[in-house]
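# Understanding the architecture of this molecule
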Amino acid sequence: MAFWDNLFPARTAQFDSGAAASNSIDLTRRRPSVSLTKQGAATGNLRVNLSWRMRTSDIEGRSRQSGRLLRNPSKLFKPEVVQAHTQGMVNVDLDLGCLYELKDGSKGVVQPLGGFFGDLNTAPYVKLSGDDRFGGSSGETIFVNLDQKDEIKRLLFFVYIYDQTPAFDRTHAKITLYPSNGPRIEIELDERAPQARSCAVFSVDNSKGELTVRREVRFVYGFQAELDRLYGWGLQWGRGYKTKA
């Protein structure tokens with residue numbers, strides 16, 4: 001423990017119980033993990049939500065807008081009109097998925113691609129609620145039945161860009177965990193990785209009776225097979241497609 005931790009004892013308490021203003025825990029590089037067991041949140045359904053939004057390109061859009069404002073300052077008070085399917089619009093379909101390994105050795109994936117939506121009450125005790133293709137306010141959600149935690153060995157939650165231009169750095173993507181008890185847990189995908197198509201966001205490890213959530217945020221240029229290789233899942237992967245929206 002550092003000397004200044006004694007001077008400011010509230011630092012540790014704030015991280016354990018969540019910020020008073022937002023009642024949340026932010027997992028960062030400096031504070032990468034939190035114990036659900038110690039939080040009293042290792043039972044019930046853990047809700048994991050992916051949210052993102054699309055925005056116009058940063059460089060071209062801002063430079064052109066600045067020039068227009070200098071020529072016509074009154075435009076400052078008018079809302080910007082954004083048209084879809086233009087060069088400046090980032091149109092990204094992010095998908096949330098989960099690799100699972102159970103205590104009996106069975107392994108698999110829950111994800112929209114291929115229609116692997118899982119099950120909450122029977123193995124794998126992980127369930128995807130649906131597929132959001134447009135970055136809506138509700139995003140995509142996966143539920144984990146922690147009442148069956150003794151059957152779960154480890155989980156790896158990941159996000160990938162489906163069949164679109166890589167643009168993680170423009171999506172404002174965020175993963176939020178809502179345990180059955182205690183503060184929510186937030187992980188921002190805010191690191192620059194312009195060419196990445198997938199990201200391992202966080203893992204859940206069940207070891208010695210303790211459930212631990214650990215921030216990963218590892219961007220890769222490939223898809224699920226590359227994440228599988230990095231984390232040693234050992235599954236066989238093939239090309240998958242979605243039905244038309």
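Everything that follows concerns the structure shown earlier in this document.
The following refers to the structure shown.

Counting secondary structure elements, the chain contains 4 helices and 13 strands. Split into buried and exposed, the 245 residues of the chain put 42% on the buried side. Taking the intrachain contacts of the chain between residues at least 6 apart in sequence as the baseline, contacts between residues at least 24 apart amount to 68%. For the chain, the accessible area works out to roughly 13,900 Å², and carbon and sulfur atoms hold 49% of it.

Strand S4 (residues 94-102) sits mainly inside the fold: 9 of its 9 residues count as buried. Because side chains alternate across S4, one face comprises the buried residues Leu94, Leu96, Cys98, Tyr100 and Leu102, and the other comprises Asp95, Gly97, Leu99 and Glu101, equally buried. Of the pairings in the sheet, the one linking S4 to strand S9 (residues 152-161) comprises 9 bridges and is antiparallel in character. Considered in S9, the bridge of Glu101 is made with Arg154. Between S4 and strand S5 (residues 107-110), which pair antiparallel in sequence order, lie 4 residues; one of them, Gly105, sits at a positive phi of approximately 95°.

Let us now look at the nonpolar core. Judged by nonpolar contacts, the single largest core of 46 residues is most densely connected at Phe157, Ile175 and Phe202. In this structure Phe157 touches Val48, Leu96, Gly97, Cys98, Ile142, Val144, Cys199, Ala200, Val201, Phe202 and Val204, once residues within four positions along its chain are discounted. Counting residues in each nonpolar core, the second largest holds 12 residues, with Leu99, Leu156, Phe158 and Tyr231 among its members.

Next up on the list: the side chain of Ser198. Position of Ser198 relative to the elements: it lies in strand S12 (residues 198-207). Look at Ser198 and you get buried, because its relative accessible area is 1%. For Ser198, the contacting residues outside a window of four places in its chain are Val159, Tyr160, Phe168, Arg218, Phe219, Val220, Gly222, Phe223 and Leu227.

For the rest of this paragraph, the subject is the sheet that holds strand S7 (residues 126-128). Ordered by their spatial adjacency, 7 strands build an open sheet running S1-S11-S10-S3-S8-S7-S6, and the pairing between neighbours is mixed. Edge positions in the sheet fall to strand S1 (24-26) and strand S6 (118-119), since each has one partner strand and no second. Where strand S3 (residues 45-51) meets strand S8 (residues 140-145), 6 bridges bridge the pair, whose relative direction is antiparallel. Within the sheet, the bridge partner assigned to Asn49 lies in S8 and is Thr141.

What follows deals with unusual backbone geometry. Here Ala123 and Pro124 are connected by a cis peptide whose omega angle stands at 15°. A positive phi is found at Lys208, a non-glycine position, where the angle reads about 55°. Examined against the element boundaries, Lys208 turns out to sit in the loop between S12 and strand S13 (210-220). You can call Lys208 exposed: its relative accessible area is 86%. Unusually for a residue other than glycine, Val217 sits at a positive phi of about 45°. Take Val217: it is sitting in strand S13.

The rules behind the values
Residues numbered from 1 in each chain as written. Predicted model: local features only at pLDDT ≥ 70, side-chain atom pairs only at ≥ 80, totals over all residues. Heavy atoms only, no water. Helix = DSSP H or I, 4+ residues; strand = E, 2+ residues; numbered from the N terminus. Buried < 20%, exposed > 50% of the residue type's maximum accessible area, 1.4 Å probe, protein only. Contact = heavy atoms within 4.5 Å. Areas by Shrake-Rupley, 256 points an atom, 1.4 Å probe, with all protein chains shown as cover. Pairing = 2+ DSSP bridges. Core = buried A, V, L, I, M, F, W, Y, C linked by side-chain atoms within 4.5 Å.

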